[in-house]
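# Descriptive analysis of the structure
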Amino acid sequence: EDFAAQPRHEAQWDALLTAFFLDACPHVVNAVILAHRLLRDGGLWINNGPLMYHGQSPTSSDAPRLTADELLLLLQRSGFELLEH
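Residues numbered from 1 in each chain as written. Predicted model: local features only at pLDDT ≥ 70, side-chain atom pairs only at ≥ 80, totals over all residues. Heavy atoms only, no water.

## As for the packing of aromatic side chains
Given two aromatic rings, one states the distance between the centres and the angle between the planes to describe the pair. On inspection of all chains with the given rule, the structure shows 1 aromatic pair. Centre to centre, the rings of Trp45 and Phe80 are 5.3 Å apart; their planes meet at 50 degrees, and the pair counts as tilted. Placement of Trp45 in strand S2 (residues 39–48) and of Phe80 in the segment after helix H2 (68–77) is noted, with a sequence separation of 35 residues between them. On the basis of relative accessible area, Phe80 is assigned to the buried category, the value being 13%. (Phe/Tyr/Trp six-rings, centres within 6.5 Å; stacked < 30°, edge-to-face > 60°. Helix = DSSP H or I, 4+ residues; strand = E, 2+ residues; numbered from the N terminus. Buried < 20%, exposed > 50% of the residue type's maximum accessible area, 1.4 Å probe, protein only.)

Rendered as structure tokens:
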């Protein structure tokens, strides 16, 4: 089920688990911001998967594609504490 399509219940979740999400999400920046807003203080987001999957190219969408370093910086600036990557 697409959690981004759900009604916005800020700070409702203790944890989010996503698999092969960031590589398939058309707007990674918006997804990171939404994930942070959905989590309670101290909440945990576990994501598993690559940044680019199934041969996607950086030009396959009008949304920006981030490098791994850019994604890590976005996560930190969005309020996430990186426990492991």
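On we go from here.
## A short note on the nonpolar core
In this structure, Phe21, Leu22, Val32, Trp45, Leu71, Leu75 and Phe80 are the most contacted members of the largest nonpolar core, which totals 14 residues. Those elements giving two or more residues to this core turn out to be helix H1 (28–38), S2 and H2. By residue number, the principal contributor to this core is H1, which donates 4 residues. (Core = buried A, V, L, I, M, F, W, Y, C linked by side-chain atoms within 4.5 Å.)

## Quick notes on the environment of Phe80
Expressed as a C-alpha distance, the spacing of Phe80 and Trp45, which sit 35 residues apart in the sequence, is 8.6 Å. Once residues lying within four places of it in the same chain are set aside, the contact partners of Phe80 are Val32, Ala35, His36, Leu39, Trp45 and Leu75. (Contact = heavy atoms within 4.5 Å.)

## Focus on the packing of H1 against H2
One can describe the packing of H1 onto H2 by two numbers: an axis separation of 10 Å at closest approach and a directional angle of 30 degrees. By crossing handedness, the relation of H1 to H2 is classed as right-handed. The segment H1 lies against H2, with Val28, Val29 and Val32 engaging Leu71, Leu74 and Leu75. A per-class count over the contact of H1 with H2 returns 6 nonpolar, no polar and no charged. (Axes fitted to C-alpha atoms, helices over the stretch in contact; angles between N-to-C directions. Left-handed = near helix turned anticlockwise from the far one by under 90°. Nonpolar A, V, L, I, M, F, W, Y, C, P; charged D, E, K, R; others polar.)

## Description of H2
Since the α-helix packs 3.6 residues into each turn, any two residues three or four apart lie on the same face. For H2, the set of buried residues is Leu71, Leu72, Leu74 and Leu75. Along the axis of H2, the buried positions cluster into a sector of 160 degrees, meaning they face one direction only. Away from its buried face by more than 90 degrees, H2 exposes Asp69 and Arg77. Among the structural elements, H1 and S2 are those in contact with the buried residues of H2. (Arc of directions from axis to C-beta.)

## Side note on the pairing of strand S1 (residues 13–19)
In regular strands, side chains alternate between the two faces of the sheet. In terms of strand pairing, S1 meets S2 through 6 bridges, oriented parallel. Among the inter-strand pairings, Trp13 is bridged to a residue of S2, identified as Leu39. Taken together, S1, H1 and S2 constitute a β-α-β crossover, and its handedness is right-handed. (Pairing = 2+ DSSP bridges. Right-handed = clockwise from strand over helix to strand, strands pointing away.)

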